[in-house]
Amino acid sequence: MKQETLSDFVGTKAEEFGVPGVAVGVLIDGQEVYASHGVTNAGNPQPVDEDTLFHVASVTKTFTATTLMRLAAEGKVDLDAPVRRYVPELELADEAAAAQITVMNLLNHTSGLDWNLIDGGEEDGSLAAFVAKMSELGTIAAPGARASYSQAAYNLAGRVIEKVTGLAFEKAVATLVLEPAGLTNTFFDLDEVMIRRFAVGHTPDANGELRPARPWRANPFAARGNNPGGGIASSASDLLRWARFHLGTGDGVLPTEALHRMREQTVALRGSTLGDGFGICWFLRDVDGVRTIGHGGSGQGQFAELLIVPERNFAVVSLANAGPDGYLFNQSATRWALAHYLGLTEHDPEPLPYDEARAREVTGRYEIDAMNLDIAVAEPAAEPVDGSVARSAGGSAGGARLTLAVGIKPEIREASDAEMPADYPAATMGFLPGDGDEYVITEGGLKGQRGFFTRDDKGTVVGVDLAGRLFGRAPGAS
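What you see is a predicted model, and the numbers here were worked out from it, not measured in a lab. Residue positions are given per chain, counted from 1 along the sequence in the order it is written. Note on the predicted model: pLDDT of at least 70 is required for a residue's local features to be given, and 80 or more for side-chain atom pairs to be given and counted; whole-chain, interface and lining totals, by contrast, use all residues. Values reported for side chains reflect all heavy atoms of the structure, with hydrogen atoms and water molecules removed beforehand.

**Side note on the overall build of the chain**
Next up, step 1: In this text, helices come from DSSP runs of H or I with a minimum length of four residues, and strands from runs of E with a minimum of two, each type numbered from the N-terminal end. Scanning the chain from N- to C-terminus turns up 14 helices and 20 strands.
Next up, step 2: The C-alpha radius of gyration of the chain comes to 22 Å, within 12% of the 23 Å expected for a compact globule of 478 residues.
Next up, step 3: By its C-alpha atoms, the chain is 70 × 60 × 45 Å across when sized along the principal axes.
Next up, step 4: Buried residues are those whose accessible area, probed at 1.4 Å on protein chains only, stays under 20% of the maximum for their type, while exposed residues exceed 50% and partly exposed ones sit between those limits. Among the 478 residues that make up the chain, the fraction classed as buried is 56%.
Next up, step 5: Every residue pair with non-hydrogen atoms within 4.5 Å of one another is taken to be in contact. For the chain, contacts bridging at least 24 residues in sequence account for 64% of all contacts bridging at least 6.
Next up, step 6: In these tables, accessible area is a Shrake-Rupley quantity obtained with a 1.4 Å probe, and a residue counts as shielded only by the protein chains included in the view. Per element, the accessible surface of the chain, about 19100 Å² overall, is 49% carbon and sulfur.
Next up, step 7: Charged residues are defined narrowly, with Lys and Arg counted positive, Asp and Glu counted negative, and His plus the chain ends left uncounted. By convention, charge coordinates are those of NZ in Lys, CZ in Arg, CG in Asp, or CD in Glu. Averaged over its 40 positive side-chain charges, the chain has a centre that lies 3 Å from the centre of its 64 negative ones. Only C-alpha atoms enter the radius of gyration, while the globule expectation follows 2.2 Å times N to the 0.38, with N the number of residues.

**Concerning unusual backbone geometry**
Next up, step 1: The linkage connecting Arg214 with the following residue, Pro215, adopts the cis geometry, with an omega of -5 degrees.
Next up, step 2: With respect to the helices and strands, Pro215 occurs in the loop between strand S5 (210-212) and helix H9 (227-230).
Next up, step 3: Here the bond from Gly323 into Pro324 is cis, since omega is 0 degrees, no more than 30 degrees from zero.
Next up, step 4: By secondary structure assignment, the location of Pro324 is in the loop between strand S12 (314-320) and helix H12 (325-342).
Next up, step 5: Unlike most non-glycine residues, Cys281 shows phi in positive territory, near 80 degrees.
Next up, step 6: Turning to its location among the elements, Cys281 is positioned in the loop between strand S8 (275-278) and strand S9 (283-287).
Next up, step 7: For Asp288, which is not glycine, the phi dihedral falls at a positive 55 degrees.
Next up, step 8: Relative to the helices and strands, Asp288 is located in the loop between S9 and strand S10 (290-298).
Next up, step 9: On the basis of relative accessible area, Asp288 is assigned to the partly exposed category, the value being 41%.

**Structural notes on the nonpolar core**
Next up, step 1: Throughout this description, the term nonpolar core refers to a set of buried Ala, Val, Leu, Ile, Met, Phe, Trp, Tyr and Cys residues connected via side-chain atoms within 4.5 Å. In this structure, Leu68, Val83, Leu107 and Met134 are the most contacted members of the largest nonpolar core, which totals 75 residues.
Next up, step 2: The residues contacting Leu107, other than those within four sequence positions of it, are Ala65, Leu68, Leu79, Tyr154, Ile280 and Cys281.
Next up, step 3: If you look at the next biggest cluster of nonpolar residues, it comprises 34 residues, including Trp115, Tyr366, Met371 and Val377.

**Describing the sheet that holds strand S19 (residues 461-466)**
Next up, step 1: Pairing between two strands is assigned when DSSP locates at least 2 bridges connecting them. If you trace the eight strands once around the closed barrel, you get S13-S14-S15-S16-S17-S18-S19-S20, paired in antiparallel fashion. Mean inter-strand twist for the sheet, computed between neighbouring axes without regard to direction, equals 30 degrees.
Next up, step 2: As paired elements, S19 and strand S20 (residues 469-473) share four bridges and run antiparallel to each other. Looking across to S20, one finds that Gly463 is bridged to Gly472. To get an axis, fit a line to the C-alpha atoms, keeping to the stretch in contact for a helix; angles then go from 0 to 180 degrees between the N-to-C directions.

**Brief notes about H12**
Next up, step 1: Here a helix's expected span is defined as the number of its residues, less one, multiplied by 1.5 Å. With 18 residues, H12 should cover 26 Å at 1.5 Å per step; its first-to-last C-alpha distance of 25 Å lies within 8% of that length.
Next up, step 2: Of all 18 residues in H12, 14 are buried; the element is thus mostly enclosed.
Next up, step 3: With its phi angle positive at about 70 degrees, Gly343 sits one or two positions after the end of H12.

**Here's the deal with the sheet that holds strand S7 (residues 267-272)**
Next up, step 1: In spatial order, the strands read S2-S1-S12-S11-S10-S9-S8-S7; together these eight strands make up an open sheet with antiparallel pairing. Both edges of this open sheet fall to strand S2 (31-38) and S7, since each of them pairs with a single strand only. Along the sheet, successive strands turn relative to each other by an average axial angle of 20 degrees, direction set aside.
Next up, step 2: Pairing geometry for strand S1 (residues 21-28) and S2, over eight bridges, is antiparallel. Paired with Ala23 across the two strands is Ser36, which belongs to S2.
Next up, step 3: The sheet strands contacting H12 are S1, S2, S9, strand S11 (303-309) and S12, and the helix crosses S12 at an angle near 155 degrees.

**Here we look at the packing of aromatic side chains**
Next up, step 1: Aromatic pairing here means that ring centres of Phe, Tyr or Trp (its six-membered ring) are within 6.5 Å. Orientation follows from the plane angle: under 30 degrees is stacked, over 60 is edge-to-face, and everything else is tilted. Applying the stated criterion to the full structure yields 13 aromatic pairs.
Next up, step 2: Between Phe198 and Trp216, the ring centres sit 5.9 Å apart and the planes meet at 90 degrees, which makes this aromatic pair edge-to-face. Of the two residues, Phe198 sits in the loop between helix H8 (190-193) and strand S4 (202-204) while Trp216 sits in the loop between S5 and H9, which places them 18 residues apart along the sequence.
Next up, step 3: Chaining the aromatic ring pairs together yields one cluster made of Phe9, Phe314, Trp336 and Tyr341.

**Looking at the pairing of S10**
Next up, step 1: Burial analysis of S10 places seven of its nine residues in the buried class, the great majority of the element.
Next up, step 2: The antiparallel hairpin formed by S9 and S10 contains two residues in its connecting segment, where Asp288 sits at a positive phi of about 55 degrees.
Next up, step 3: What sits between the antiparallel neighbours S10 and S11 is a turn of four residues, in which Gly301 has the positive phi angle 75 degrees.

**Observations concerning helix H6 (residues 151-165)**
Next up, step 1: With 15 residues, H6 should reach 21 Å at 1.5 Å per residue; the first-to-last C-alpha distance of 22 Å fits that figure.
Next up, step 2: Of all 15 residues in H6, twelve are buried, a share of seventy percent or more.
Next up, step 3: By the burial criterion, the buried members of H6 are Gln151, Ala152, Ala153, Tyr154, Asn155, Leu156, Ala157, Gly158, Arg159, Val160, Ile161 and Glu162.
Next up, step 4: Of the surrounding secondary structure, the elements contacted by the buried residues of H6 are helix H2 (60-73), helix H4 (103-107), helix H5 (127-132), helix H7 (169-178) and H9.
Next up, step 5: Any pair of nitrogen or oxygen atoms within 3.5 Å is treated as a polar contact; in protein, a donor-acceptor pairing is required on top of that, and neighbouring residues in sequence qualify only through side-chain atoms on both sides. Looking at where H6 begins, the residue whose side-chain oxygen comes 3.4 Å from the main-chain nitrogen of Ala152 is Ser150.
Next up, step 6: In the stretch just after H6, Gly166 is the one whose phi turns positive, near 75 degrees.

**Section: the side chain of Asp465**
Next up, step 1: Within the secondary structure layout, Asp465 lies in strand S19.
Next up, step 2: Judged by its relative accessible area of 6%, Asp465 is buried.
Next up, step 3: Not counting the four nearest positions on each side in its chain, Asp465 is found in contact with Arg146, Tyr439, Gly451, Phe452, Thr454 and Leu470.

**Structural notes on the confidence of the model for the chain**
Next up, step 1: As a per-residue measure, pLDDT reflects the predictor's confidence and takes values from 0 up to 100. Here the chain averages 92 in pLDDT, while 93% of its residues score no lower than 70.
Next up, step 2: Counting contacts from residues 382-392, a segment whose pLDDT is below 50, to residues more than four positions away or on other chains yields ten contacts.

Put into structure tokens, the structure is as follows:
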């Protein structure tokens, strides 16, 4: 019955969101239940199952963090030591930050490093080349001052692993974590992926039709410098095995206390859909008063979600191969699993009615190194001929509403030889009760995402957080 019910839900939702292929796995009462739907590739279809490989993108960070925890447990890395102890060649635009950033700052996203706009070079996509170019990367805060999700921080953590072990990052993770944890269907190497059944990401073209995405993962094959933050391919079955490992005692990899330390909050998060805080890598989130740990990933038309409930010995993994609605499918699947198997319900916050003064205060452009985020007021459309008045979530009775759009900077998209994920068009957002600085997006591919605005000492809005990342207000934006 568990299998049949899950299969019914997965099939219905995959069709509803128009995702070509999905795989969902649930660990409940020590048993694994799987359901899959659709195909690996709309242009060259093969059925998806629990062993189909997906690019799981940032879920990779959990493997990188666990590897560093093993090295710390073995006394080879001090998590509180400056990164320069292990990577003395590290240079940043901010010399003080380069000297102060610790290994723990990398693992819980408090390094202050911007997102990730680094090209290691066409001829050398190694981690060493990545780190050599980090002097071009800006900082958004002093180390330890606040959390802001950074791909670059995890890539730097991968270089720490290489320097300490003397092994290539991928070999170190396989030797220290993947093999002893029994993960036989999890790979960095595309040569391993291509001889197995694997999902292809899909993104919409100019007409909204889904087409296979290129490159296969978010970075070209040779760009190893991004592997620590997002290079792994895995399956629903192996990710449930990974969840079992994190629910266990760490046998063969690291001591139980070190494994469980990863679940303990190291820094709080405010107004974030991703969680209430960071442990060591894991996002920590309470659902109906029960603590969960998890991590998601988004790549080139592929989305992954892994959620674990330690006190219930429960886990759910959801994989989808289309953007942007694969994200919405995964969120729907994890919520359904929590409600259906554990009786835990996530409650969406209700936005306040549209407030013109608040809206005008936050409109403008915000940015990180690779993306622009635009907040604007969408003026009301012409009044319907029948005289009716519409009101949408976060909108006014007159129809005005606040919108958020986010996408890759045009100059970066134009300069890239590789295809890039589609931008997220303007979608309605609304302020949440409280101090007025938290918000929720109420439609589109980012529906349900929460965040908040940052103010300076004078009370002026200078930044906005989305998906755990701080976007700074662009000069002259208002």
